[in-house]
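Spelled out, the chains give:
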Amino acid sequence: MKKNTIMIYGINTLYEAIKSKIKIYKIYLNKKNKKNNKIKKIIKYSKKNNISLNEIINFKKIEKKNHQGVFAIIDHIQLLKIENIIPMIYNYGKIPLLIILDSITDVRNFGSIVRTSACTGVDAIIIATKNSVTINSDSIKTSSGGIFKIPICKEKNIIKIIRYLKSFGIQVIAVTEKTDNICYKFNYKNPTAFILGSEQKGISKKYLSLCNNTVKLPLIKNSLTSLNVSVACGAILYETIRQRLI
């Protein structure tokens, strides 16, 4: 594989990659899949854009993956800077909605968060350069192609970023079980950035101290003490969408 390329697999993932117009170097597919409508479009696209199309039957290298008989080699996912995105959001007349991930390293959780964020209109996801997930085949697959629809910003200094967001009038809210504030009592119609932490360590105290507020999702008495981080992310984002649609 070429340097700075990624292998992606799965019909929907490749289809979303094509729609995003990311550079695709090679496509490999199982001959038996040709009747699938999306595969037909993929084949048509590859021919139109002179992309190397290889028909194979043996998928040994990724046999344990849910490849659906197709994989491709694409250009690397470009990581952006939030300073370049915030002014654009305001210029488009949008109310910013952002996600900051603190030490989320599990690719499945990350992929699920990206997928939900893409479905709910999140403008960008911010991750740290250290102790963060790697953007790879698995995280792309788990996002179901959502990673091609939403900017991923990798930042060295999250404290600096939190302060930067607040300077633009964006309220920074930590979603954590270590608070008494139920999430439904707060207003998310204003520009908002949610911070979510890993299930092992939670959100760093240095980030919590900078937040405008902390909120939690209510749990039934005597139930488990916490939610999966991707589930919590989905719940708070849909509460935000509910408020903004009223």
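To be clear, the structure that these remarks concern was listed above.
Residues numbered from 1 in each chain as written. Predicted model: local features only at pLDDT ≥ 70, side-chain atom pairs only at ≥ 80, totals over all residues. Heavy atoms only, no water.

### Comments concerning the layout of surface pockets
Considering only enclosed or pocket space, the largest pocket measures out at about 490 Å³ in volume. Around the largest pocket, the lining is made up of 25 residues, and of these V175, T176, E177, K178 and S226 lie nearest the centre. Residues that form the lining of the largest pocket fall into these classes: ten nonpolar, nine polar and six charged. (1 Å grid on protein atoms, 1.4 Å probe; cavity = no way out; pocket = protein on both sides within 12 Å on 5 of 7 lines; lining within 4 Å. Points joined across faces, edges and corners; volume = space filled by probe spheres on them. Nonpolar A, V, L, I, M, F, W, Y, C, P; charged D, E, K, R; others polar.)

### Quick word on the environment of C153
Position of C153 relative to the elements: it lies in strand β7 (residues 152-155). Excluding residues that lie within four positions of it along the chain, C153 makes contacts with L80, K81, I82, I85, A124, I125, I126 and I127. (Helix = DSSP H or I, 4+ residues; strand = E, 2+ residues; numbered from the N terminus. Contact = heavy atoms within 4.5 Å.)

### Focus: the pairing of strand β1 (residues 5-9)
The buried fraction of β1 is high, at five of five residues. Every second residue of β1 is oriented toward a common face, with T5, M7 and Y9 on one face and I6 and I8 on the other, all of them buried. Sheet topology note: the β1/strand β4 (residues 70-75) ladder contains five bridges and is antiparallel. Bridging from a neighbouring strand, T5 pairs with D75 of β4. (Buried < 20%, exposed > 50% of the residue type's maximum accessible area, 1.4 Å probe, protein only. Pairing = 2+ DSSP bridges.)

### Let's talk about the pairing of strand β8 (residues 171-175)
Most of β8 sits inside the fold, with five of its five residues counted as buried. Where burial is concerned, the two faces of β8 agree: the one with Q171, I173 and V175 and the one with V172 and A174 are both buried. Direction of pairing for β8 relative to strand β9 (residues 192-197): parallel, over a ladder of five bridges. If you follow I173 over to β9, its bridge partner there is F194. Where β8 and strand β10 (residues 213-215) come together, three bridges link them in parallel fashion.

### Comments concerning the side chain of D102
Mapping D102 onto the fold places it in strand β5 (residues 97-102). For the buried D102, no salt bridge is present, and the opposite-charge side chain at shortest range is K206, 7.3 Å distant. (Lys, Arg positive; Asp, Glu negative; His and termini not counted. Salt bridge = Lys/Arg side-chain N within 4 Å of Asp/Glu carboxyl O.)

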